[in-house]
Amino acid sequence: LQTMYLLIGQGLAGSLLADALLRRGQAVRVVADGRPTSSGAAAGLFNPVTGRQPQLTWLADQLFPYLHRYYPELETRLGTKFYHPLPLYRPFGSPEERAFGLSLAARPELRDFLQAAPDDEAYAATVRNEFGGLRTPGAGWVDVPPLLAAFRREFSRRGIFQETTFSHAALKISPQGVEWEGQTYATVIFCEGVYGAENPFFDWLPFNPVKGESLTLRLPGPVPPGIVNRGVWLIPRTDEQTGHATARVGATYVWRPLTWQPTTEGRELLLQKLNVWLKPEYEVTGQVAGIRPAVQGRRPLLGLHPEFPRLGIFNGLGSKGVSLAPFFAQQFAEFLVSGKELHEAVNINRFFSLYSGQKRV
């Protein structure tokens, strides 16, 4: 039986959830406005090993096999190139770091994800790595803007996309469904990213948005053969128009002030960290800022409202949206269509005590 879903937001969360519902035979309408989004500014890095003292990212053994299947298949369906698997290289800064890093790589749980780099020489032209480094296979990046543009074209072709200003007050909720612009929907799912904190139905959730800035460089000389991460990450790329070697460098984490404007402070901080290890000359050609929809506890927000179960949310992907969104979009679609339980660490019922139960809306 086909059910009608209204999805508010066409970033990574909204697009991938719409895709998962459509593939399960459901009817979907996607609504977005023209405001800036974190997806639009995202570098799209995915990396199974994170942190200053590298450790396996949460659910890596499930998220990463899934995304490595999902994105190539999605490229084929959308006819667009955006998935770029690349190893990630972490150069050591000292003999002590090297000894510690090699001990980490020997741990059974990290053995498949961290390797003493056999290709130190390949990075030596571009990276200060006299102490060697560690290599993470299974990393890479997703070029998010062309992915979202391809989804928008596909949704428009199907006649299910609408760009308009959305007002939460325009929803009419009843036991039978939710009415909006003369159409009744079984469920409305809010995929609003950082704007979810202003949603009157879900503003009680513990949003903790964080600003991030990144730079684009032009590299006239040699380019590292993979992603490099030491204090900041560098993703080597090729400019589609000119064929020039470029790179994306990031990222900062700032909780105040939350603006979409790049700053001199952000640029200087990134370059200061980059200059510790990058050898070639470069030219800064661009800078962007985004606001990540992060959450206290760093776990996504999925589920249905405690008082209005015809309203749901898919949010809180933070800085790991590219690795979290495919797996949890499928899981949320299974929950909505088949009633399969959500992972307890992402279900918003963990925060129901924050909701007063009063009719706040």
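Numbering of residues begins from 1 in every chain and follows the order in which that chain's sequence is written. Note on the predicted model: pLDDT of at least 70 is required for a residue's local features to be given, and 80 or more for side-chain atom pairs to be given and counted; whole-chain, interface and lining totals, by contrast, use all residues. Calculated side-chain values reflect all of the structure's heavy atoms, with hydrogen atoms and water omitted.

Caption draft 1: Structural view of the overall build of the protein. Within the protein one finds eight helices and 22 strands. As a reference, a globule follows 2.2 Å times the number of residues to the power 0.38, and the radius of gyration itself is taken over C-alpha atoms. In terms of C-alpha radius of gyration, the protein reaches 21 Å, essentially the compact-globule figure of 21 Å for 361 residues. Oriented by its inertia axes, the alpha-carbon framework of the protein measures out at about 65 × 45 × 40 Å. Only protein chains enter the accessibility calculation, which uses a 1.4 Å probe; a residue is then buried when its area is under 20% of its type maximum, exposed when over 50%, and partly exposed in between. For the protein, the proportion of its 361 residues judged to be buried stands at 52%. Contacts are assigned to residue pairs that have any heavy atoms within 4.5 Å of one another. Within the protein, contacts between residues separated by at least 24 positions form 74% of all contacts whose residues are at least 6 apart in sequence. For the protein, the accessible surface area stands at approximately 16400 Å², while carbon and sulfur atoms represent 50% of it. Residues scored as positive are Lys and Arg, those scored as negative are Asp and Glu, and His as well as the terminal groups of each chain are ignored. Charged groups are reduced to one reference atom each: NZ for lysine, CZ for arginine, CG for aspartic acid, CD for glutamic acid. Of note, the protein has its 37 positive side-chain charges centred 2 Å away from the centre of its 32 negative side-chain charges. For helices the rule is a DSSP run of H or I covering at least 4 residues; for strands it is a run of E covering at least 2, with both sets numbered from the N terminus onward. In these tables, accessible area is a Shrake-Rupley quantity obtained with a 1.4 Å probe, and a residue counts as shielded only by the protein chains included in the view.

Caption draft 2: Spotlight on the sheet that holds strand 14 (residues 183–185). The pairing criterion is simple: DSSP has to find at least two bridges between the two strands. Strand order in the open sheet formed by three strands is 12-13-14, and the pairing between neighbours is antiparallel. The open sheet has two edge strands, strand 12 (172–174) and strand 14, and neither has a second partner. Going across the sheet, the axis of each strand differs from the next one's by a mean of 25°, ignoring polarity. Every axis corresponds to a line fitted to the C-alpha atoms, with the helix fit spanning only the stretch in contact, and the corresponding angles, defined between N-to-C directions, vary from 0 to 180 degrees.

Caption draft 3: View of the sheet that holds strand 21 (residues 301–304). Across the sheet, six strands lie side by side as 11-2-1-15-22-21; this open sheet has mixed pairing. Looking at strand neighbours, the two that pair on one side only are strand 11 (161–163) and strand 21, the edges of this open sheet. On average, adjacent strands in this sheet sit at an angle of 20° to one another, irrespective of strand direction. Relative to strand 2 (residues 27–32), strand 1 (residues 4–8) runs parallel, the two sharing five bridges.

Caption draft 4: Quick look at the nonpolar core. Nonpolar cores were defined as sets of buried Ala, Val, Leu, Ile, Met, Phe, Trp, Tyr and Cys residues, with membership established by side-chain atoms within 4.5 Å. Residues Leu17, Tyr71, Leu147, Phe314, Phe328 and Phe332 are the most contacted members of the largest nonpolar core, which totals 52 residues. Mapped by element, the contributors of at least two residues to this core are strand 1, helix 1 (12–23), strand 2, helix 3 (60–78), helix 6 (144–157) and helix 8 (321–338). When near neighbours in sequence (up to four residues on either side) are disregarded, Phe332 contacts Leu17, Ile189, Leu302, Gly303, Ile313, Phe314 and Leu342. Core analysis: the next-biggest nonpolar cluster, separate from the first, contains 23 residues, Leu6, Val31, Val295 and Leu301 among them.

Caption draft 5: Here's a closer look at the packing of helix 1 against helix 3. In contact at an axis separation of 14 Å, helix 1 and helix 3 are set at 75° when each is read in the N-to-C sense. As judged from the angle between their axes, helix 1 and helix 3 are roughly perpendicular. When helix 1 is examined against helix 3, the residues Leu16, Asp19 and Arg23 are found in contact with a partner set consisting of Tyr70, Tyr71, Glu73, Leu74 and Arg77. Split into classes, the residues belonging to the contact of helix 1 with helix 3 amount to four nonpolar, no polar and four charged. Angles below 35 degrees are treated as roughly parallel, those above 145 as roughly antiparallel, those between 65 and 115 as roughly perpendicular, and all remaining angles as oblique. Only Asp, Glu, Lys and Arg are considered charged, only Ala, Val, Leu, Ile, Met, Phe, Trp, Tyr, Cys and Pro nonpolar, and every remaining residue, Gly among them, polar.

Caption draft 6: Quick look at the pattern of salt bridges. The rule for a salt bridge is simple: a side-chain nitrogen of Lys or Arg has to be within 4 Å of a carboxyl oxygen of Asp or Glu. Tallying each qualifying case throughout the model produces 14 salt bridges. Note that Arg35 and Glu198 form a salt bridge whose closest N and O atoms lie 4.0 Å from each other. On the criterion of sequence distance, the pair formed by Arg35 in the loop between strand 2 and helix 2 (38–41) and Glu198 in the loop between strand 15 (187–190) and strand 16 (210–218) is long-range, its members being 163 residues apart. Two residues, Glu73 and Arg77, come together in a salt bridge whose shortest N-O distance is 2.5 Å. Residue Glu73 and its partner Arg77 are both found in helix 3; the two are separated by four residues, about one turn of the helix. When its relative accessible area of 26% is taken as the criterion, Glu73 is described as partly exposed. Among the residues examined, Arg77 registers a relative accessible area of 38% and is labelled partly exposed. Beyond isolated ion pairs, a larger network of salt bridges with shared partners links Asp19, Arg23, Glu73 and Arg77.

Caption draft 7: Structural context of unusual backbone geometry. That bond from Gly250 to Ala251 is cis: its omega, -5°, falls within 30 degrees of zero. Turning to its location among the elements, Ala251 is positioned in the loop between strand 19 (245–250) and helix 7 (264–274). Residue Pro257 is bonded to the preceding Arg256 through a cis peptide linkage, with omega at -10°. Looking at where Pro257 falls in the secondary structure, it is placed in the loop between strand 19 and helix 7. Here Glu181, not a glycine, exhibits a phi torsion of approximately 50°, which is positive. With respect to the element layout, Glu181 can be found in the loop between strand 13 (177–180) and strand 14. Of note, Arg298 is a non-glycine position whose phi angle comes to about 60°, a positive value.

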